[in-house]
Amino acid sequence: MIDRDNAPIDACDGVVDMVLERLRHSYGSYTFFTERDLVWTLQGWFREELLHRDLPHRVFSDFPMLPRSRRALSADLALVLDGKADVVFELKYEPSHNRKRVDIWENKFPVVNWKDVVNDTVRIEQFVKAEKCRKAYAMLIDEGQYFRKRTISGNGRWEDWEIPGKPGPLVSVHICSANRLSNG
């Protein structure tokens, strides 16, 4: 059972909220090319904020979560406390298709397979149910709203982010979360 009076855990939740809000408000200041660019940026922001707040959590990419025959099933990002995952993220990134031949080669689109987005939402539930983490998020950053009309059952939701000073479509973000406290 998780002690909700634990100050580092509550502070970590504040870091997660702050970093996601930072991404939302500063998204237009960045140009991402691949998912790894997004992971790298978020990992740096999490590291910076955890150090600034002097929290015992550390942040890792490609963190092993569930055992498999050859290699553990990993989370894209994990905020780790005492060597164990506390909060994890599965991320997908679909650049705007208006970037074809501008800065991303045209045969790369679509970058994301929708089935992989759905699988990420299942995976975060597995992580939480197996008690491998306290919270988990699956996020799709859909820069050109290519997938915006698709839905996933469960507790996922779409958010549309306006990008000040940039014409064109909004950035749509699909966020799904799993929380050990809400899963019994």
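Now for a description of the structure that goes with this document.

Conventions adopted
Residues numbered from 1 in each chain as written. Predicted model: local features only at pLDDT ≥ 70, side-chain atom pairs only at ≥ 80, totals over all residues. Heavy atoms only, no water. 1 Å grid on protein atoms, 1.4 Å probe; cavity = no way out; pocket = protein on both sides within 12 Å on 5 of 7 lines; lining within 4 Å. Points joined across faces, edges and corners; volume = space filled by probe spheres on them. Helix = DSSP H or I, 4+ residues; strand = E, 2+ residues; numbered from the N terminus. Core = buried A, V, L, I, M, F, W, Y, C linked by side-chain atoms within 4.5 Å. Buried < 20%, exposed > 50% of the residue type's maximum accessible area, 1.4 Å probe, protein only. Contact = heavy atoms within 4.5 Å. Expected span 1.5 Å × (residues − 1). Polar contact = N/O pair within 3.5 Å; in protein donor to acceptor, adjacent residues only side chain to side chain. Phe/Tyr/Trp six-rings, centres within 6.5 Å; stacked < 30°, edge-to-face > 60°.

## So, empty space enclosed by the protein
All told, the structure shown has 1 cavity of 30 Å³ or more when counted by the stated rule. The calculated volume of the largest cavity comes to roughly 40 Å³. What lines the largest cavity is simply Lys92, Val117, Asp120, Thr121, Ala138, Met139, Leu140 and His174. When contributions to the lining of the largest cavity are tallied by element, the ones reaching two or more residues are helix H3 (114–129) and strand S4 (135–142).

## So, the nonpolar core
For soluble globular proteins, the rule of thumb is that nonpolar side chains tend to be buried together. Leu23, Tyr27, Leu42, Phe46, Phe89 and Ile141 are the most contacted members of the largest nonpolar core, which totals 30 residues. Those elements that place two or more of their residues in this core are helix H1 (7–26), helix H2 (35–52), strand S2 (73–81), strand S3 (84–94), S4 and strand S6 (171–179). Look past the residues within four positions of Tyr27 in its chain and what remains in contact with it is Phe32, Tyr93, Ile141, Glu143, Trp161, Ile163 and Val171. With 17 residues, the next largest nonpolar core counts Ala78, Ile124, Val128 and Ala178 among its residues.

## Structural notes on H3
For H3, which comprises 16 residues, the first-to-last C-alpha distance of 23 Å matches the rise-based estimate of 22 Å (1.5 Å per residue) to within 8%. Residues of H3 that are buried: Trp114, Val117, Asp120, Thr121, Arg123, Ile124, Phe127 and Val128. Residues of H3 that are buried sit in contact with strand S1 (58–66), S2, S3, S4, strand S5 (157–161) and S6. The N-terminus of H3 is capped by Asn113, whose side-chain oxygen sits 2.8 Å from the backbone nitrogen of Lys115. Once H3 ends, the next one or two residues include Glu131, with phi positive near 55 degrees.

## So, the packing of aromatic side chains
If you walk through the whole model with that rule in mind, you get 10 aromatic pairs. Ring geometry for Tyr30 versus Phe32: centroids 5.9 Å apart, planes at 10 degrees, classification stacked. With a centroid separation of 4.8 Å and an interplanar angle of 85 degrees, the aromatic rings of Tyr146 and Phe147 are classed as edge-to-face. Classification of Tyr146 by relative accessible area gives partly exposed; the value is 42%. By relative accessible area, Phe147 is classed as buried at 2%. Each member of the aromatic cluster is reached from another via a ring pair, and the members are Tyr27, Tyr30, Phe32, Trp45, Tyr93 and Trp161.

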